[in-house]
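Examination of the molecular architecture
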2 protein chains.
Amino acid sequence: MTLKSVAKTLSVSTATISNAFSRPDQLSKSLREKILKECSTLGYHGPNITARSLRKGKSGVLGVLLSDPLSYYFNDPVANQFLSGIAETVEQHQKQLLMLSGADSGKTNTGIESLPDSFIVYGSQEHNPLYNRIIQTGKPIVTVDFDAPEFGSINVDNQAAAYEVASYALKKRSAPHAAILGLRLIHSERVCRITDDELYDESESVARRRLNGYKQAAEESNIALSSELIWHIPHNTFALAKRAAKELLSVTPRPNIILCMSDVIASAVLNVAAEMGVSVPAEIGVVGFDDIPEASRTSPPLTTICQKSKEKGKQAVLMLVKGDTSSKILMPTELIVRDSA
Amino acid sequence: MTLKSVAKTLSVSTATISNAFSRPDQLSKSLREKILKECSTLGYHGPNITARSLRKGKSGVLGVLLSDPLSYYFNDPVANQFLSGIAETVEQHQKQLLMLSGADSGKTNTGIESLPDSFIVYGSQEHNPLYNRIIQTGKPIVTVDFDAPEFGSINVDNQAAAYEVASYALKKRSAPHAAILGLRLIHSERVCRITDDELYDESESVARRRLNGYKQAAEESNIALSSELIWHIPHNTFALAKRAAKELLSVTPRPNIILCMSDVIASAVLNVAAEMGVSVPAEIGVVGFDDIPEASRTSPPLTTICQKSKEKGKQAVLMLVKGDTSSKILMPTELIVRDSA
DNA sequence: TTGAAAGCGCTAACAC
DNA sequence: GTGTTAGCGCTTTCAA
């Protein structure tokens with residue numbers, strides 16, 4: 001059942017059918033309705049999207065390029081929020097959402113980058129060949145949580161936010177002794193501490209900016225920050241964070257402030273602390289980052305930085321919809337004080 | 001940059017370029033490698049997927065039809081698991097994943113159903129016009145968590161599982177007095193109790209089957225189950241569940257067993273119970289359903305039914321990949337005993 | 001191993 | 001307001 005065959009059956013031209021579906025102003029209302037009704041009874045539900053996309057050079061699909069396997073993004077609370085903001089806005093604009101994995105792209109090229117009309121690129125894509133292919137399409141791109149000079153972007157001031165939450169935590173203690181549970185600080189798949197030279201890495205990643213914020217707060221409070229008390233966690237999962245938390249809470253003397261680069265990590269700390277009988281916030285203060293929904297439900301509830309992940313997704317879609325591909329948006333963050341520090 | 005223009009530049013035929021990318025056996029290895037290399041330097045990354053799909057009638061895209069707005073699925077732990085199982089398997093098979101919302105389909109038809117080669121339909125789609133259009137494409141379909149005679153499907157035995165967990169909870173108490181927090185029991189957007197006639201509804205939904213399992217267990221224990229102690233919660237969110245839990249825990253005399261149709265609901269009950277100073281499991285027993293990751297981390301940890309959501313997603317993709325579109329698979333469930341009952 | 005050409009289903013320019 | 005037609009970029013058959 002094609003537009004052509006339908007046109008023949010209804011004894012009108014193909015243009016008329018096409019117009020009935022795509023350009024209502026090109027024919028009378030009565031004819032349009034008649035045609036739509038007849039198509040419906042015939043079982044023709046409108047133009048084939050592949051053919052239409054080929055012809056028009058547009059598909060109505062928005063691509064989201066992610067930097068890890070897709071399954072990761074279904075299990076990370078921050079990504080969940082971000083993607084649900086995207087999804088909601090995409091739906092409002094009657095577009096389709098295609099999630100593009102950073103993982104499969106190394107293998108066979110499926111040419112999928114030619115389908116979407118525009119892209120949201122989430123997180124740094126250093127070694128992702130698909131990213132380069134997307135750039136070469138010349139289609140509109142907005143980056144989120146990292147920056148590329150040539151594209152519009154949405155970010156938060158990670159350093160300032162980390163500084164704020166760390167300062168708060170440090171000032172709450174009379175004799176602060178801080179440790180850091182970092183997320184993706186270095187390129188390693190292992191939970192481990194970093195080395196001193198890695199501490200002064202100059203890269204611009206989210207983790208680095210947060211670390212800089214922590215360092216800044218520590219300096220202001222005249223606290224030493226050695227790499228011995230900085231852990232690297234390769235992915236934002238509860239299990240990995242728990243491993244790091246166990247190591248950290250077993251250190252003697254035990255730090256009394258734990259700065260966590262995500263709420264998932266912070267909640268793992270609370271969990272381990274409870275298991276070990278360490279009381280929060282009496283013995284140790286814990287702060288997170290992100291303000292995921294669970295943050296208000298942990299015991300004790302988390303003191304953290306709220307970054308409006310859902311709103312980030314929404315804004316990214318809106319930029320693309322509006323055709324704004326050059327603004328550099330810095331979203332506000334907010335210190336959320338609860339009981340964990 | 002098209003295949004044709006590249007062919008001209010390299011002075012070979014279009015067929016040769018096409019073969020180099022899609023049918024390696026049709027030309028010599030050396031020629032193929034030479035062409036691939038030259039294409040790469042030229043910046044041609046392979047055939048346009050729209051044109052290719054139009055021509056071949058296949059796109060390499062797998063569609064997942066959902067019954068609510070997409071954003072819902074990013075925030076539901078069970079859906080997260082299911083979708084991550086799908087995503088993982090789709091990636092392994094070098095296909096793309098397109099999530100199709102049940103929400104936008106009422107509005108303008110984008111013809112998107114013509115893109116995917118096959119579909120996973122998740123959850124009953126009673127009033128979803130897109131479902132009907134997908135059926136009309138005649139493409140392979142696998143349904144999950146509901147059944148349609150003409151398609152393959154993946155389900156769990158909800159009634160048996162609910163019976164199992166309810167029996168366990170009831171037998172743990174000397175004088176059991178049970179209440180039920182149901183998920184999508186009726187068609188209402190409000191948190192509310194159901195009426196007596198609704199209690200005997202004959203429909204085949206997941207919620208109904210679970211309710212039947214609870215009823216069966218109650219009968220066996222000679223317990224009355226009146227609609228006065230059965231709540232309907234329209235969506236699987238913590239906030240709605242909390243509202244219902246508050247109502248329930250304020251009833252006098254207070255039930256001492258709470259059967260929850262999801263772990264999200266059960267964890268909301270634990271949360272409310274803690275706020276009200278009701279101790280679990282001493283004063284009330286709580287059981288959930290699903291075994292989401294958080295279920296093992298609540299306090300107390302949840303006694304629940306494990307349904308392998310991720311595995312369901314994986315199996316659904318596998319059926320489609322294998323071309324099996326008629327098997328009716330019933331996945332096993334397992335009673336997970338923890339501390340909440 | 002290669003080249004020529006038809007045609008996948010549609011849209012839009014143009015003619016009427 | 002409607003009909004005709006070229007061609008979007010590709011794959012595949014057929015012939016060379």
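Note: the structure precedes this text.
Below you will find a few notes about this structure. (Residues numbered from 1 in each chain as written. Chains lettered and ligands numbered in written order. Predicted model: local features only at pLDDT ≥ 70, side-chain atom pairs only at ≥ 80, totals over all residues. Heavy atoms only, no water.)

Moving on to the protein's contact with DNA strand D. In the vicinity of DNA strand D, 26 residues are found, and the nearest of them are A:S13, A:R55, B:L3, B:Y44 and B:R55. Per the 4 Å cut-off to the protein, sugar and phosphate atoms form 66% of the nearby atoms of DNA strand D. Between DNA strand D and A:S13 there is a distance of 2.6 Å, counted from a phosphate oxygen to a backbone nitrogen or oxygen. One of the backbone N or O atoms of B:L3 is found 2.3 Å from a phosphate oxygen in DNA strand D. Secondary-structure elements contributing two or more residues to the surface near DNA strand D are α2 (14-22) and α4 (49-56) of chain A together with α1 (3-10), α2 (14-22) and α4 (49-56) of chain B. By residue number, the principal contributor to the surface near DNA strand D is α4(B), which donates 4 residues. Residues belonging to the surface near DNA strand D are distributed by class as follows: 10 nonpolar, 9 polar and 7 charged. (Near = heavy atom within 4 Å. Polar contact = N/O pair within 3.5 Å; in protein donor to acceptor, adjacent residues only side chain to side chain. Helix = DSSP H or I, 4+ residues; strand = E, 2+ residues; numbered from the N terminus. Nonpolar A, V, L, I, M, F, W, Y, C, P; charged D, E, K, R; others polar.)

With that out of the way, let us pick up the pairing of strand β5 (residues 152-156) of chain B. Residue and element names in this part refer to chain B. Burial of β5 is extensive: 5 of the 5 residues sit out of reach of the surface. What you see with β5 is no split at all: G152, I154 and V156 on one side and S153 and N155 on the other are buried throughout. Here strand β4 (residues 141-144) runs beside β5; their pairing, made up of 3 bridges, is parallel. Bridge pairing in β5 links T143 to S153. (Buried < 20%, exposed > 50% of the residue type's maximum accessible area, 1.4 Å probe, protein only. Pairing = 2+ DSSP bridges.)

Facing 47 residues of chain B, the contacting portion of chain A comprises 47 residues. Across the contact surface, chain B and chain A share 2 salt bridges. One can count 12 residue pairs in polar contact (both at pLDDT 80 or more) joining chain B with chain A. Broken down by element, the side of chain B that touches chain A gets its largest block of residues, 7 residues, from helix α6 (residues 77-92) of chain B. (Contact = heavy atoms within 4.5 Å. Salt bridge = Lys/Arg side-chain N within 4 Å of Asp/Glu carboxyl O.)

This paragraph deals with the relation of the copies chain B and chain A. Comparison of the two chain copies shows a relationship of rotation about an axis with a shift along it. With an axial shift of 0.0 Å and an RMSD of 0.1 Å, the rotation relating chain B to chain A amounts to 180°. The transformation just described matches what one would write down for a two-fold rotation axis. Both copies share a contact surface, since 100% of the interface residues of chain B are interface residues in chain A too. (Least-squares fit on C-alpha atoms with pLDDT ≥ 70 in both.)

All names here are of chain B. The residue E126 is located in the loop between β3 (118-122) and α7 (129-137) in this model. On the accessibility criterion, E126 (55% relative accessible area) is exposed. Separated by 59 residues in the primary sequence, E126 and S67 have C-alpha atoms spaced 8.9 Å apart. Of note is the side chain of E126, whose polar atom sits 3.5 Å from the side chain of H127.

Residue and element names in this part refer to chain A. For the structure on display, the rule yields 19 salt bridges over all chains. The closest approach of N and O atoms between K310 and E88, which form a salt bridge, is 3.0 Å. Taken together, the positions of K310 in helix α13 (residues 309-322) and E88 in helix α6 (residues 77-92) put the pair 222 residues apart, joining distant regions of the chain. What makes E88 partly exposed here is its relative accessible area of 32%. Taking the shortest distance from any N to any O, the salt bridge between R208 and D201 comes out at 4.0 Å. What makes D201 partly exposed here is its relative accessible area of 37%.

In short, shape yes, function no, at least from these values alone.
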